[in-house]
Amino acid sequence: MWRGCYSGGCDRAGAPQRPLRYEAMQLRDIMTSGVVTAGLEDDVLHVAQLMRDHGVGSVILCDPQGDPVAMVTDRDLAVRVMAESRPVSEPVRTHASRPLITGEPDMDLEEAAARMVQHRIRRLPVLGPRGLSGIVTLDDIAVRTGNLEVAQRMTHDVIEGALPEFFFHERG
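Below you will find a few notes about this structure. (Residues numbered from 1 in each chain as written. Predicted model: local features only at pLDDT ≥ 70, side-chain atom pairs only at ≥ 80, totals over all residues. Heavy atoms only, no water.)

1. Quick word on helix α4 (residues 109–119)
Part 1 of the argument: Within the sequence span of α4, burial applies to L109, A112, A113, A114, M116 and V117.
Part 2 of the argument: Directly after α4, the chain includes R120, whose backbone phi takes a positive value near 55°. (Buried < 20%, exposed > 50% of the residue type's maximum accessible area, 1.4 Å probe, protein only. Helix = DSSP H or I, 4+ residues; strand = E, 2+ residues; numbered from the N terminus.)

2. Some thoughts on the sheet that holds strand β3 (residues 68–73)
Two modes of strand pairing occur in sheets, parallel and antiparallel, and in both the strands are linked by backbone hydrogen bonds.
Part 1 of the argument: If you walk across this open sheet you meet the 3 strands as β1-β2-β3, and the pairing is mixed. Since the sheet does not close on itself, it has two edges, and those belong to β1 (37–39) and β3, each with one partner. On average, each strand axis in the sheet is inclined to that of its neighbour by 35°, with strand direction left out of account.
Part 2 of the argument: Across 5 bridges, strand β2 (residues 58–62) lies against β3 in antiparallel orientation. Note on β3: the bridge partner recorded for S58 is T73.
Part 3 of the argument: Of the strands in this sheet, β1, β2 and β3 touch helix α2 (residues 44–54), which is tilted by about 135° from β2. (Pairing = 2+ DSSP bridges. Axes fitted to C-alpha atoms, helices over the stretch in contact; angles between N-to-C directions. Contact = heavy atoms within 4.5 Å.)

3. Things to note about the packing of α2 against helix α3 (residues 74–82)
Part 1 of the argument: Interaxial distance between α2 and α3 falls to 10 Å at its minimum, and their mutual angle equals 145°. Both α2 and α3 take part in a crossing whose hand is left-handed. Contacts between α2 and α3 pair V44, A48 and M51 from the former with D74, L77 and V81 from the latter.
Part 2 of the argument: The class makeup of the residues in the contact of α2 with α3 is 5 nonpolar, no polar and 1 charged. (Left-handed = near helix turned anticlockwise from the far one by under 90°. Nonpolar A, V, L, I, M, F, W, Y, C, P; charged D, E, K, R; others polar.)

See the structure below:
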């Protein structure tokens with residue numbers, strides 16, 4: 001469970017785990033600035049092709065004014081489109097993840113990490129004064145901070161929050 005700053009959470013008994021620390025960084029220091037975007041009315045096939053062509057796992061969806069309003073991930077397409085045998089000609093907006101949870105370029109990495117775990121997301125679009133300026137992923141945190149342990153713990157917390165039954169039932 002998150003405790004304000006990324007303290008590493010608690011173990012199953014509720015005891016705090018050892019803190020994970022890293023030098024102070026802001027999102028602007030680690031974000032990827034090239035963000036792939038599409039319109040809400042673009043069809044699923046077009047968005048899937050954008051992901052393939054750009055080698056990304058997510059596309060930010062923008063309204064007609066160009067403001068980011070949602071995100072669609074490769075998992076969204078697999079689970080909500082392909083697994084349900086939906087037509088790829090459908091508008092992507094019906095399969096997007098909302099609300100769009102974002103950060104700001106001057107946000108501290110610890111605050112961004114807390115937001116990602118709280119909302120159980122692996123990708124955090126970064127909005128600056130002129131709109132969408134980048135995106136931060138759990139992979140970015142691991143690679144650019146050089147702290148694989150932080151990213152692994154965050155990934156565990158994100159997945160555990162999204163799939164608690166996987167972590168808390170008898171597996172055999």
